[in-house]
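# Observations on chain architecture
One letter stands for each residue in the lines below.
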Amino acid sequence: MAAELVEAKNMVMSFRVSDLQMLLGFVGRSKSGLKHELVTRALQLVQFDCSPEVFKKIKELYETRYSKRSSEAAQPQPQQHRSTEALSIHTNYDRGSTIPRTTIPTTNIDYPALYGKYLNGLGRLPPKVAKPEVRLVKLPFYTTLDELLKPTELLPQNNEKLQESPCIFALTPRQVELIRNSRELQPGVKSVQVVLRICYTDTSSPQEDQYPPNIAVKVNHSYCSVPGYYPSNKPGVEPKRPCRPINLTHLMYLSAATNRITVTWGNYGKSYSVGLYLVRQMTSAELLQRLKTIGIKHPELCKALVKEKLRLDPDSEIATTGVRVSLICPLVKMRLSVPCRAETCAHLQCFDAVFYLQMNEKKPTWMCPVCDKPAPYDQLIIDGLLSKILTECEDADEIEYLVDGSWCPIRAEKERSCSPQCPILVLGSSDVNGLLPTPNTNGENGKATADVVDLTLDSSSSEEEEEEDEEEDDDDEGPQPKRRCSYEKGLVSAC
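The structure reproduced in this document is the subject of the present report. (Residues numbered from 1 in each chain as written. Predicted model: local features only at pLDDT ≥ 70, side-chain atom pairs only at ≥ 80, totals over all residues. Heavy atoms only, no water.)

All right, on to the overall build of the protein chain then. When helices and strands are tallied, the protein chain shows 12 helices and 19 strands. Residues counted as buried form 32% of the 495 residues belonging to the protein chain. Of the contacts made within the protein chain by residues no fewer than 6 positions apart, 68% connect residues no fewer than 24 positions apart. Surface exposure of the protein chain reaches about 31,600 Å², of which carbon and sulfur atoms provide 52%. (Helix = DSSP H or I, 4+ residues; strand = E, 2+ residues; numbered from the N terminus. Buried < 20%, exposed > 50% of the residue type's maximum accessible area, 1.4 Å probe, protein only. Contact = heavy atoms within 4.5 Å. Areas by Shrake-Rupley, 256 points an atom, 1.4 Å probe, with all protein chains shown as cover.)

Shown next, in the form of structure tokens:
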């Protein structure tokens, strides 16, 4: 059996691209990619899934190819132009095998030029327009270390709705060490991970992660958990599934052994692509520290922006003299600690970067809580001017920017006095107009003082107080209105 494997590997190594594609198509594997990628897939097929049918197909392709080569070699070759003949031999050598089989004459041959013209055994063809590749959006919480498998389209193998697409790959010793030596984010979860990302097959722009229907991912012999659906509280609204990278690390062989991944997906007309990446997962605290390092906007630049916002517009009939900015985060209704906003936002109001990053770590939306427009991580800035104001103004929850770029705190107004600010109408009074005299303004500090009628007193206490009032009124000139009344008379404000 070992001898057959060695023989099969040697035959595969001598295959051309067309032979490799025929072999991979025979077993239902992807036929797209460069020659070295096809060779890698074919060798993995021989190593781990070489059935008698596959071995027979490899031998058939090999014999068919060399029978054609033998018939071509039997034809007489012209003896003139020796350098051209050497070139032809080299071409057959490269097309035929990666193992030297023919001695190439060395007379008057420019090997660098020859290698450049016949790279990988194929004559250099006229330049063709490169086919655009599927690209995935960059995720702030994942730093890509290696690309294990470029985004590859999931191709249906038959007319069934449920399809399976296998993938075989092995980690290098360096990649294994990176995973083993990485810290744990939580028990059993390493910061360096192998993740699977799936998106639409669309080359027009970078694609966000998008799962196909009925997705299931099997790693070696175990199924991997896929994020579930968010419950929806609104009637008639379907629950949404958070599409994010799928961590495969805990089910993989962290050695030189080959890992097999099988993606099960529903074929309902839309085309999807999958990619494998070695990534380092970041935390919200690490992203915050990075933002503090490279994302702080100088206070003078922020001041210039304030002036720009409040600059008088000659076409506007309304002159803006100031703009208020709250020091309370709109996300958690707490005082700002790290004032932050996106550079693309048109407002000066900030939100707290700490809570914003924590919320997007749990459920990534990257939408500004002030204007509800996209605020991705790479466009966030820390407002240096507002950070300075927060340290200088600790007793106010709001400030106002002025046209010259300066600011002033807006403190909460003191509680207003509960004293009536208008004359009081007494029903049933002997006064002609039924109004109490204007409150005396000769009190302290020239402030007006108003008389207040207490309706909580009963009639007996009211009569006693009236008698005391009459005795005190004898010393004053002119009639005085009653200051107390019973419930039957009541009070009505004249305002």
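From this point on, the discussion continues.
Moving on, we come to unusual backbone geometry. Despite not being glycine, Asn220 has its phi angle at roughly 55 degrees, a positive value. Its place among the elements puts Asn220 in the loop between strand 6 (216–219) and strand 7 (222–224). Look at Asn220 and you get buried, because its relative accessible area is 12%.

For the rest of this paragraph, the subject is the environment of Arg280. With respect to the element layout, Arg280 can be found in strand 10 (residues 272–281). Residue classification places Arg280 among the partly exposed residues on the basis of a relative accessible area of 31%. The sequence separation of Arg280 and Val194 amounts to 86 residues, and the corresponding C-alpha distance is 8.9 Å.

The subject of this paragraph is the sheet that holds strand 13 (residues 339–342). Spatially, four strands are ordered 11-15-13-14 in an open sheet, and the strand pairing comes out mixed. Only two strands of the sheet have a single neighbouring strand rather than two, namely strand 11 (296–297) and strand 14 (351–352). Sheet topology places strand 13 next to strand 14; two bridges connect them, and they run antiparallel. Counted as the bridge partner of Cys340 is Phe351 from strand 14. (Pairing = 2+ DSSP bridges.)

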